[in-house]
Structures are given as C-alpha cells and as structure tokens.
Amino acid sequence: MAKKVITFGEVMMRLSPPGYLKFSQATSFELVYGGGEANVAISCAYLGMKAAHVTRFPDNALGRAATQFLRKHWLSTAHVFYGENMMGIYFLEKGAVHRPSEVIYGREGSAFSLIQPSMVDWEHVLKDADWFHWTGITPAISEGAAMCCLDAIKTANRLGITVSGDINSRSNMWKYGKTMQEVMPELVQNCDIVITSSRGIRSMFGLGQPEDKFRVSAKNLMDTFPRINKVVGKTRKSLSASHQQIQGKMWNGQEYIKTEMLDITHVIDRVGTGDAFASGLIYGLLHYDDDMQALNFASAACALKHTVPGDVNMVSLENVLSLMEGDTSGSIRR
C-alpha cells in the first residue's frame with residue numbers, strides 16, 4: 001500500500017522572464033506555482049506515494065488556479081482553505097554561467113499569512129498519514145502560521161507519525177515580533193528527522209563554533225533535542241550558475257555517512273533542488289532499511305531536479321533509481 005505524506009506551507013506564484021533574460025529585458029513573465037512544502041509533496045506523488053498539501057489560498061480565480069495546479073500534479077487538495085487577500089508572489093531571474101540568479105519576494109499580507117490554528121483540524125488531516133513535513137519558512141511568515149505548524153507537529157507526535165523539518169530559514173523574514181531563536185526550538189524538539197546545515201544549527205540554536213564540521217553540529221543538535229534521530233544535510237559546490245556538484249550527508253546517532261559527489265554540468269533550474277532532496281529523503285527512509293540507500297536516493301533526486309524547469313521535481317521513480325545505479329548517460333528511452 002502506498003505511503004502517505006502530508007505537507008504544510010505557502011504556495012506562491014513564480015514569475016520569471018522567459019529563458020535567461022534579465023528583468024530589465026523582460027516584456028512578459030512565465031507563471032508557475034511553487035512553495036517548498038508543496039514542492040516536496042508533488043515530488044513524492046511523482047515517486048508513487050499518496051500526498052496532500054495543507055495551505056490557504058485567496059478565494060478568487062488565482063486561488064482556484066493554484067488549486068488546479070496542485071491537483072494536476074497528483075496532490076489531494078481536500079485540505080486547501082480559502083479566504084481574503086492575495087497569493088504571495090516571487091520574481092525569479094535565472095542566472096547562467098557566472099551570473100547568479102536573483103529572487104525578489106512579494107509575500108507580506110498573503111492569504112496564507114492569515115491562517116490560524118482554529119482553521120485546521122489536524123486530527124482529521126493526519127489520520128491516515130505516514131509522514132508530516134514542514135520547513136523553517138512557514139513559521140517565519142506569521143504567528144498564526146507558526147502556531148498552526150506547531151499544532152500539526154504535536155498532533156503527528158501524538159498519532160505516531162514521523163515528522164521531518166527542513167529547518168533552514170531566513171532571518172530577514174521574521175517580521176511579526178518574534179525571532180526564529182524564540183520560535184524554532186519548540187518546533188524542532190518535536191521532530192524525528194531534521195534537514196539543516198552547520199550554519200543553520202549555529203544561527204538558530206547557538207550551538208557550536210563557526211569551524212565545526214557537520215557531524216559535530218549534528219551531534220550537538222541531537223544532544224540538545226533527543227527526539228531527533230537523524231540530522232541530514234547536503235554539500236553544494238557551485239562551480240558556476242550552470243555547473244553544480246551535490247553530496248548528501250547524514251549523522252544518524254551512530255555513524256556519519258555521505259554520498260559520492262554528483263556532478264551536474266548543465267543546470268536548467270536550481271530552484272526547488274533542496275525540496276527535491278527532502279522528498280527523496282522521505283521516500284528513501286520510508287522504503288529502505290539502510291540509511292545509505294536512502295541518502296543516495298535523496299542525492300539522486302536532488303541532482304535530477306537541476307534538469308527540470310520550474311519549482312517542482314517531476315521525475316519518476318525509475319529516473320531516480322537509474323541515476324542511483326550509476327547511469328548518468330541520459331540516453332533516450334524507447
């Protein structure tokens with residue numbers, strides 16, 4: 001029976017100049033929808049899992065179009081809520097070679113930012129789930145979103161559902177009167193799996209020193225929050241905007257493991273690659289008994305997302321398994 005994943009977070013409209021044009025050259029914009037947690041859910045659905053995303057859209061044509069986008073990509077939208085205000089927007093100028101990508105956000109006062117815990121019955125939402133996933137972006141958006149996320153995590157704990165958090169956040173997003181240092185510890189202490197970096201652990205929790213290796217930072221985090229049983233991250237080497245190298249790494253409480261470095265020589269779209277890594281990790285940990293296999297699956301999924309335009313990793317299980325097994329040829333399949 002297919003495993004079921006539930007995610008929670010904002011979905012935004014992404015507007016990009018066609019191809020690799022700069023904003024100053026654009027006379028039109030291409031529209032896609034995306035958001036870290038929804039990206040994870042859709043990627044899981046493409047891998048053959050059941051998936052649903054919990055969010056709040058404006059009660060207008062844009063909100064309904066975004067709902068159609070989620071349905072089109074195999075997600076249940078039974079727990080999409082509607083209300084006032086508009087959708088969050090972000091503008092992406094895609095970089096190439098030595099020119100970096102640029103992102104401009106317009107998400108303040110969005111329909112999702114007005115979500116409140118009373119709007120979501122998490123017992124009902126999570127009743128058949130195997131996994132709940134959130135990211136550090138969600139509690140940064142508003143106090144209501146943070147409280148709602150905490151309710152979801154605690155309900156998942158009570159129901160025996162695995163909780164993963166991709167907790168890296170942006171300090172400049174926290175504008176509603178609380179800091180990530182105040183909010184994040186209570187959320188993270190109730191997680192089973194955490195995706196983060198040494199810098200994230202240091203900035204959010206004040207743990208460790210700037211020179212600490214990932215395994216040291218991960219051990220500090222697990223010692224501070226004993227419920228966590230795996231801390232996962234990735235090393236990214238950016239040779240240029242078009243040439244990236246990716247390596248997965250994990251501290252599971254007993255050993256430190258890492259994958260081989262995957263070389264991505266022709267990047268099509270880097271946005272959403274972290275979400276592809278998270279979805280691959282979720283799939284791997286739900287379907288493999290071996291942490292190394294799960295980590296290899298996550299790294300392969302992440303690498304493949306660099307070849308897919310848009311926010312979401314729409315690759316199949318067969319695509320990921322093929323890369324895991326060492327097939328980097330990209331040969332036509334007939």
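Residues numbered from 1 in each chain as written. Predicted model: local features only at pLDDT ≥ 70, side-chain atom pairs only at ≥ 80, totals over all residues. Heavy atoms only, no water.

Q: How should the overall build of the chain be read in this particular structure?
A: Of the regular secondary structure elements, the chain holds 11 helices and 14 strands. Here the C-alpha atoms of the chain give a radius of gyration of 19 Å, agreeing with the 20 Å that 2.2 N^0.38 yields for 334 residues. Dimensions of the chain, computed from the C-alpha atoms along their principal axes, are close to 50 × 50 × 45 Å. Burial status across the chain gives 54% buried among its 334 residues. (Helix = DSSP H or I, 4+ residues; strand = E, 2+ residues; numbered from the N terminus. Rg over C-alpha atoms; globule rule 2.2 N^0.38 Å. Buried < 20%, exposed > 50% of the residue type's maximum accessible area, 1.4 Å probe, protein only.)

Q: Honestly, the packing of aromatic side chains in this entry has me stumped. Any pointers?
A: The description of two aromatic rings rests on the distance between their centres and on the angle between their planes. Applying the stated criterion across every chain yields a total of 10 aromatic pairs. Ring centres of Trp174 and Tyr176 lie 6.0 Å apart, and the angle between their planes is 35 degrees; on these two criteria the pair is classed as tilted. Exposure remark for Tyr176: the relative accessible area of 22% places this residue in the partly exposed category. Where Tyr288 meets Phe297, the ring centres are 6.2 Å apart and the plane angle is 55 degrees; that geometry is what we call tilted. (Phe/Tyr/Trp six-rings, centres within 6.5 Å; stacked < 30°, edge-to-face > 60°.)

Q: Would you mind going over the pairing of strand β9 (residues 162-166) with me for this structure?
A: Within β9, 4 of the 5 residues are buried, leaving the element largely enclosed by the surrounding structure. Bridge count between β9 and strand β10 (residues 193-195): 3 bridges; the pairing is parallel. Among the inter-strand pairings, Gly165 is bridged to a residue of β10, identified as Val194. Crossover β9 to β10 through helix α6 (residues 180-188) is right-handed. (Pairing = 2+ DSSP bridges. Right-handed = clockwise from strand over helix to strand, strands pointing away.)

Q: Would you mind showing me how to read the pattern of salt bridges here?
A: Where charged atoms of side chains with opposite charge meet at close range, the side chains can pair. One pass over the structure, following the stated rule, counts 14 salt bridges. When the shortest N-O distance is used, the salt bridge between Glu186 and Lys154 registers 3.3 Å. With Glu186 in helix α6 and Lys154 in helix α5 (residues 143-159), this pair connects stretches of sequence that are 32 residues apart. What you see here is one network of salt bridges that share partners, running through Arg14, Asp269 and Asp311. (Salt bridge = Lys/Arg side-chain N within 4 Å of Asp/Glu carboxyl O.)

Q: Please explain the environment of Phe8 as it appears in this structure.
A: Secondary-structure assignment places Phe8 in strand β1 (residues 4-8). In contact with Phe8, other than residues within four places in its own chain, are Glu37, His53, Val54, Phe112, Ile115, Trp122, Phe132, His133, Thr138, Ala145, Cys148 and Cys149. (Contact = heavy atoms within 4.5 Å.)

Q: Looking at this structure, I do not really get the state of the cysteines. What am I missing?
A: Cysteine pairs can be linked by a disulfide, which is a covalent bond between their two sulfur atoms. Throughout the structure, instances matching the rule amount to 0 disulfides. Looking at the unpaired Cys302, the closest cysteine sulfur is the one in Cys44, lying at 14 Å. (Disulfide = S-S within 2.5 Å.)

Q: How do you make sense of unusual backbone geometry when you look at a structure like this?
A: Most peptide bonds adopt trans geometry, and most residues besides glycine take a negative phi value. Even without a glycine there, the phi angle at Trp74 is positive, about 75 degrees. Positionally, Trp74 belongs in the loop between α2 (61-72) and β5 (80-83). Positive phi outside glycine occurs at Asn85, with the angle close to 70 degrees. Within the secondary structure, Asn85 is located in the loop between β5 and β6 (89-93). Using a relative accessible area of 38% as the deciding quantity, one classes Asn85 as partly exposed.

Q: Would you explain the sheet that holds strand β2 (residues 12-16) in this entry?
A: Sheet strands pair via backbone hydrogen bonds, and the direction of the pair is either parallel or antiparallel. Taken together, the 4 strands give an open sheet; going across it, the order is β3-β2-β6-β7, and neighbouring strands pair in mixed fashion. A single partner strand is all that each edge strand has here, and the edge strands are β3 (30-34) and β7 (102-106). Geometrically, the sheet is characterised by an average inter-axis angle of 25 degrees between neighbouring strands, direction not taken into account. With 3 bridges joining them, β2 and β6 adopt parallel strand pairing. Looking at β6, one finds that Leu15 is bridged to Phe91. (Axes fitted to C-alpha atoms, helices over the stretch in contact; angles between N-to-C directions.)

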